[in-house]
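So the chains spell out like this:
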Amino acid sequence: MFLLYEYDLFWAFLIISSAIPILAFLISGVLAPIRKGPEKLSSYESGIEPIGDAWLQFRIRYYMFALVFVVFDVETVFLYPWAMSFDVLGVPVFIEAFIFVFILIVGSVYAWRKGALEWS
């Protein structure tokens, strides 16, 4: 039987954790001074006057490195809980994790051979 009263604590936490950032934005919007001037409209570069246009086109290499980082970061997020409960889960889960790591290794070898990991 599905009992809703068991989720009271969850809903309270969800409402409070959603209300705090909303209230913070509303309060800062009401209390913050509104001063528009040339200093506020210019881009800030460590106190130095900006030179040129702020809109620059980045090379695709930066995105490739970021994508590879995110893939391996997500891999760590998935493998850490598995490693902590390895003795409880047993051999079938070990095989699934091995297949997961194998697919990621094949993908990284493919990216390496294509030259996606070269900085030059």
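An unreviewed UniProt entry lists the protein under the name NAD(P)H-quinone oxidoreductase subunit 3, chloroplastic, from Rubroshorea leprosula. Regarding the protein, the UniProt comment filed under Sequence similarities (unreviewed entry) reads as follows: "Belongs to the complex I subunit 3 family." Database annotation for the protein, UniProt heading Subunit (unreviewed entry): "NDH is composed of at least 16 different subunits, 5 of which are encoded in the nucleus."

J.: How would you summarise the overall build of the protein if you had to cite specific residues and measurements?
T.: Secondary structure assignment for the protein yields five helices and zero strands. Scanning the protein from its N terminus toward the C terminus, one meets helices and strands in the order α-α-α-α-α. When the accessible surface of the protein is split by element, carbon and sulfur atoms take 73% of a total near 11,400 Å².

J.: With reference to specific residues and values, describe the UniProt feature "transmembrane region" (unreviewed entry) in the protein.
T.: With numbering matched to this structure, UniProt assigns "transmembrane region" (unreviewed entry) to residues 12-34, 62-83 and 89-112. The distance from the first to the last C-alpha atom of residues 12-34 is 35 Å, and the span holds 87% helix and 0% strand. Between the C-alpha atoms that bound residues 89-112 there is a distance of 33 Å. The span itself is 96% helix and 0% strand.

J.: Which residues make up the packing of aromatic side chains, and what values go with them?
T.: Tallied over the entire structure, the rule returns five aromatic pairs. When the ring of Phe-78 is compared with that of Phe-100, the centres are 6.0 Å apart and the planes differ by 90°; the resulting orientation is edge-to-face. Separated by 22 residues along the polypeptide, Phe-78 in helix H3 (residues 60-84) and Phe-100 in helix H5 (residues 91-114) bring together distant segments of the chain. A relative accessible area of 29% means that Phe-100 is categorised as partly exposed. Ring centres of Trp-82 and Phe-86 lie 5.4 Å apart, and the angle between their planes is 70°; this geometry places the pair in the edge-to-face category.

J.: Describe H5, listing the residues and the values that go with them.
T.: For H5, spanning 24 residues, the distance from its first C-alpha to its last is 34 Å, which sits close to the expected 34 Å at 1.5 Å a residue. For H5, the set of buried residues is Ala-97, Leu-104 and Ala-111. Residues of H5 that are buried make contact with H3. Positive backbone phi, at 90°, marks Gly-115, one or two positions downstream of H5.

Parameters and conventions
- Residues numbered from 1 in each chain as written.
- Predicted model: local features only at pLDDT ≥ 70, side-chain atom pairs only at ≥ 80, totals over all residues.
- Heavy atoms only, no water.
- UniProt positions renumbered as here; feature names shortened; annotations may be inferred.
- Helix = DSSP H or I, 4+ residues; strand = E, 2+ residues; numbered from the N terminus.
- Areas by Shrake-Rupley, 256 points an atom, 1.4 Å probe, with all protein chains shown as cover.
- Phe/Tyr/Trp six-rings, centres within 6.5 Å; stacked < 30°, edge-to-face > 60°.
- Buried < 20%, exposed > 50% of the residue type's maximum accessible area, 1.4 Å probe, protein only.
- Expected span 1.5 Å × (residues − 1).
- Contact = heavy atoms within 4.5 Å.

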